[in-house]
Each structure stands twice: as structure tokens, then as C-alpha cells.
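# Understanding the architecture of this molecule
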Amino acid sequence: MKLRIPNTFVLLFLILAMIAVATWLVPGGQYGTVLVDGKPRIDPASFHYVQSNPQGFVALMMAPIKGFKEAAQIIGFVLIVGGAFAVLQKTEALDAMIRSVARAHTHSAFVRAMLIPVFVTIFSLGGATFGMSEESIPFVLIFVPLALALGYDSVIGVSIPFLSAQVGFAAAFLNPFNVGVAQNIAGIEMFSGVGYRLIVWFVATALTIGFLMWYAARIKQDPTRSPTYALDIDKRKESSAGLDDLTGMTLTHATVLLLFVGFMAAMVVGVIKYGWYINEIAALFLVMAIVVGVIGRLDSDAFVGAFLHGARDLVGTALVIALARGTMILAQDAKIIDTMLHSLVPLVQSANPVFAAQKMFVIQTVINFFLHSGTGQAALTMPVMAPLADLVGITRQTAVLAFQLGELTLPMIPTSGVTVGVLALARIPWLTWAKWMVPLQLAYFVMALLLLIPPCLMNWS
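A brief look at the structure comes next. These numbers were taken from a predicted model, which means no experiment stands behind them. Position numbers for residues start from 1 in each chain and track the written sequence from start to end. With pLDDT at 70 or above as the cut-off, local features in this predicted model cover only qualifying residues; side-chain atom pairs require 80 or more to be listed or tallied, and sums for whole chains, interfaces and linings still use all residues. Excluded from the side-chain calculation are hydrogens and water; included are all heavy atoms of the structure.

## What to know about the nonpolar core
Counting residues in each nonpolar core, the largest one holds 128 residues, and the members touching the most others are Val158, Met382, Trp433 and Trp436. Contacts were defined at the residue level, with two residues in contact if any of their heavy atoms lie within 4.5 Å. If we ignore the near neighbours within four places in the chain, the residues touching Met382 are Ala182, Ile185, Ala186, Gln364, Gln377, Pro387, Ala399, Val400 and Phe403. For our purposes a nonpolar core is just a set of buried Ala, Val, Leu, Ile, Met, Phe, Trp, Tyr and Cys residues, chained together by side-chain atoms within 4.5 Å. Exposure is judged per residue with a 1.4 Å probe applied to protein chains only, and the accessible area is read against the type maximum: over 50% gives exposed, under 20% gives buried, and values in between give partly exposed. Counting 17 residues, the second-largest nonpolar core is a separate cluster that includes Ala59, Leu323, Ala334 and Ile336.

## Looking at the pattern of salt bridges
Whenever Lys or Arg places a side-chain nitrogen within 4 Å of a carboxyl oxygen from Asp or Glu, that contact is recorded as a salt bridge. For the structure on display, the rule yields 3 salt bridges. With a closest N to O distance of 3.6 Å, Lys66 and Asp333 form a salt bridge. Pair noted here: Lys66 is in helix H2 (residues 57-70) and Asp333 is in helix H14 (residues 315-334), with a separation of 267 residues, a long-range link. In this structure Lys66 comes out as partly exposed when scored by relative accessible area, which is 33%. For the salt bridge of Asp232 with Lys235, the shortest nitrogen-to-oxygen distance reads 3.8 Å. Here the residue Asp232 and the residue Lys235 both occupy positions in helix H10 (residues 229-238), the gap between them amounting to 3 residues, near one helical turn. Where helices and strands are cited, they refer to DSSP runs of H or I of at least four residues and of E of at least two residues respectively, numbered from the N terminus.

## Topic: unusual backbone geometry
For Arg297, which is not glycine, the phi dihedral falls at a positive 60°. Residue position: Arg297 is located in the loop between helix H12 (278-295) and helix H13 (300-312). Positive phi outside glycine occurs at Asn459, with the angle close to 50°. You can see Asn459 is positioned in the segment after helix H21 (453-457).

## Concerning the packing of helix H3 (residues 72-90) against H14
In a pair of packed helices, the angle between the axes and the distance between the axes together describe the arrangement. Between H3 and H14, the least distance of the axes is 10 Å, while the angle of their chain directions is 165°. On the basis of their axis angle, the class for H3 and H14 is roughly antiparallel. In terms of crossing hand, the pair formed by H3 and H14 is right-handed. Between H3, through Ile74, Ile75, Val78 and Leu79, and H14, the contact on the second element is made entirely by Val315, Thr317, Ala318, Ile321, Ala322 and Arg325. By the convention adopted, Pro, Cys, Tyr, Trp, Phe, Met, Ile, Leu, Val and Ala count as nonpolar, Lys, Arg, Asp and Glu as charged, and the other residues, Gly among them, as polar. Taken together, the residues of the contact of H3 with H14 sort by class into 8 nonpolar, 1 polar and 1 charged. Axis definition: a line fitted to C-alpha atoms, limited for helices to the stretch in contact. Angles are taken between N-to-C directions and run from 0 to 180 degrees. For classification purposes, an angle smaller than 35 degrees is called roughly parallel, one larger than 145 roughly antiparallel, one from 65 to 115 roughly perpendicular, and anything else oblique. Each crossing is labelled by how the near helix is turned from the far one, with a counterclockwise turn of less than a right angle marking it left-handed and a clockwise turn marking it right-handed.

## Remarks on empty space enclosed by the protein
Cavities and pockets were defined on a 1 Å grid built over protein atoms only: a cavity is a set of grid points that admits a 1.4 Å probe from which the probe cannot escape, a pocket is an open set flanked by protein on both sides within 12 Å along at least five of seven lines, and lining residues are those with an atom within 4 Å of any such point. Grid points are joined across faces, edges and corners, and a volume is the space filled by probe spheres set on the points. One pass over the full model with this rule turns up 1 cavity of 30 Å³ or more. Considering the residues around the largest cavity, the lining is formed by Tyr152, Asp153, Ile219, Pro223, Ser226, Tyr229, Asp232 and Arg236. Here the lining of the largest cavity takes 3 residues from H10, the largest share from any one element. Of the residues that constitute the lining of the largest cavity, the class distribution is 4 nonpolar, 1 polar and 3 charged.

The quantities given are spatial measurements derived from coordinates; they are silent on function.
Below, the structure written as C-alpha cells:
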């Protein structure tokens, strides 16, 4: 009998159920907090067991709606972005751009060679500098049809904006949401050690580019090797960006695209200079939709109809995000997250500092499955890992790097709202994506272990 792969909703609910069972087996625990510079910080010596709060059937059934509430910002963001991009698509400017790039890709060897390296580098820099993560979601709506038009597949379309940004985020050198917060908690100068982190970012980005180019060449040669081959057949039929229609770009199309680029640049400036986050970025996309609709000469009915259609298409994505967030709520309500962290800490200790750093990375990787917010994970783990680094003979700078590299698993973990949201947006089943990611994830794992050796040998601080 052929094994049937469950869809994302079933898979997430199974994970939800397993966590509910775990709440009956894992004892409750809690770290105390102390004020450091006016901010609450976890005291690594304060762990104590508390009465657990096992989550039963009723809590399991309530977890999705609680997840919907907790993830309201990201869900609202996804719906507004989906609506805004539907308006952009209604102007047919994206179709014109995709046709132009596809034509250049067909006739220019330079474009074919540089397309993936250039875009991967751009998105990786976004993750490495201003913490691009959720911001990569909208670009899936552009790069999936673009990849299909160029003869690649949906995996390439998702990987260019999403995977690249997440790799840049994990291997960041100026990201305030993981490097900045973790270094601040660890008591070291913010954004110090940037030289070696630049090397880490370069290696991680180069590995990603090399793997994607190798994979893209295989798919170009034999499309049936793609794990999304059957799914992409239907997507190509739905797309209006076929290579057979080579209508030129009009002035209106060019104006709309320039406006889009301008709004994306404004988003980058807003995030870096003014600390914008989901609310501000969602508002920016709403303004973009209105301006693009006016310039694209859409009447009110066409504008509203396109916006609602785009938002409606992402309702499934919103539900997936809610389920993913619900898994964390069950563990938090049961008070077992601190217990799991405490049980992992003794495993770091080692006679060799290199092994200690590598084991710290492995533990951070495990924790990342349950807590995949860069800032949240830093706040939870660094108060424990920083003093632990002193005890096991590695620098706190190395402990921060081990924490960062632990986030390399985020592109494939099913408890991440961003990951499952992106995959739902691209209509790629999570298991299909995860199977494709396995060899690359193993390469990232080995890369991280190797990159943690030099800091230990040179006592990096």
C-alpha cells in the first residue's frame, strides 16, 4: 500500500496533539528573573520545578483559536499583503515584467548565469542586516510565477526570497533581532565580532547559491525531477505569464513597477532606520495598493474585487499560521518550555571547548523547533547560555554565534508560522518541501559545526 503524505493541516494538528500528550509527561518548570539595566533577564541559577498544567482535549481544541489570536498581526499582515499583490497583479505590470525577464533569460547567457546569485545575495543581505523574515512572504507571489516562466519550479521560486532571507537571518552580521539582542543579553558590545560574522554569512550564502544553481540546472534539463512537477503543471496553466505571449511593457506597466520598487525601498529604510515592523509594513502595502490601483487605472469595483480575491486566497495560509502558533501556546500554558531548556543545559559541558560550542549549537537547533523567534529565543536562552559559555571555556561571542546558527533549521520546521505560511502561499506541501530540504539542511549542519571551530581556537571575543 502506498504511503499517503498528510497535508499541512493534518500534520500540524498531529504535532499539536503530540505536544498536548507531552504536557502530561514533562514536569513543569520555571526560571526566575532579575533586572539588568532595568530589563528582566532570566537568572540561570534560579530554575525550579513548579506544578505543571497538563493540556487536555479541551485545551487541544482551543489551541487553534488561541493561535489565531496570538498570531493576529502576522495573519492580518498576510491577508493585507495578499490583497495588495492581487491589485498589483490586476494591473498586469508583473506579468509584463516576468515576460521581459523570461525573454532576457532566453537570449542572454549572462542573465541566466547571474539571476539566482544576484537575487539570493540581495535577500540574504536583507536577512543579515535588517532581519528580513516575514518581509520575504510577499515576494513569493512574484518569484514563483517568475521561476515557472523561466522553466524552473516552485521550489526555486520559494527558495530565492524565503530560503535566502532565512539563511541571511541565521548567518547575520548586523541583524538587530538576533545578533543585537543576543549580544546585549550576553553583556558584550553590540555588533562586535562583525569580521568573522561576515565570513560566516559569505560561506552560508555561497553554499545556498551553489546548491540552488545545481538544482536549477537539473530541473532545467529534466523538469520531472522536480518534487513539485505535477503541482507546477496546474500552476502554469493558471498563470498568465506564459512565454508565448511576449507583449511589450507599456509606460503604465513601467510606472507601476517603479512605484513598487520605491515602496520596497521605503520598507527597507523604514525597517532599518525607524524600526518598522508588521503594523507599519502592512500599512505601507495598503498605501501601495491604493497608489498602484490609481496609476494602473483600476476603477473602484476592480480594485476592491482584486483586493478581496487576493485576501481570500490566503485564508488557508492564515489558518496554517494559527495552527503553528497554537503548538507553542500549548507548551507555554503547560509550563514545560523552561523544563526542556533546563534539561538540555548539562549536555553542553565538555572537556574540549570546540565540542562544547558545537553541542551548544545542537541544543539551540532543538530549541529552535519549539521557539523560532530570533528575539524570543535570545531572550530565553542567552541568559543561560552566556554564563554557561564561561564555565565550559568558550567565549560569549561564540555562544551568540552558536545561537544564531541554530536558526538555520527554520526554513523547514513545521511549527514556524512564516515557513508554513510561505509554503501554503506557494501551494507546496510541507513534507514535499522538507524532503527537498534534507540534503541542504545536512550541508548547513556540517557547515555550522565547522564554522564554530575557528572561534574556539582563536578565543574569539
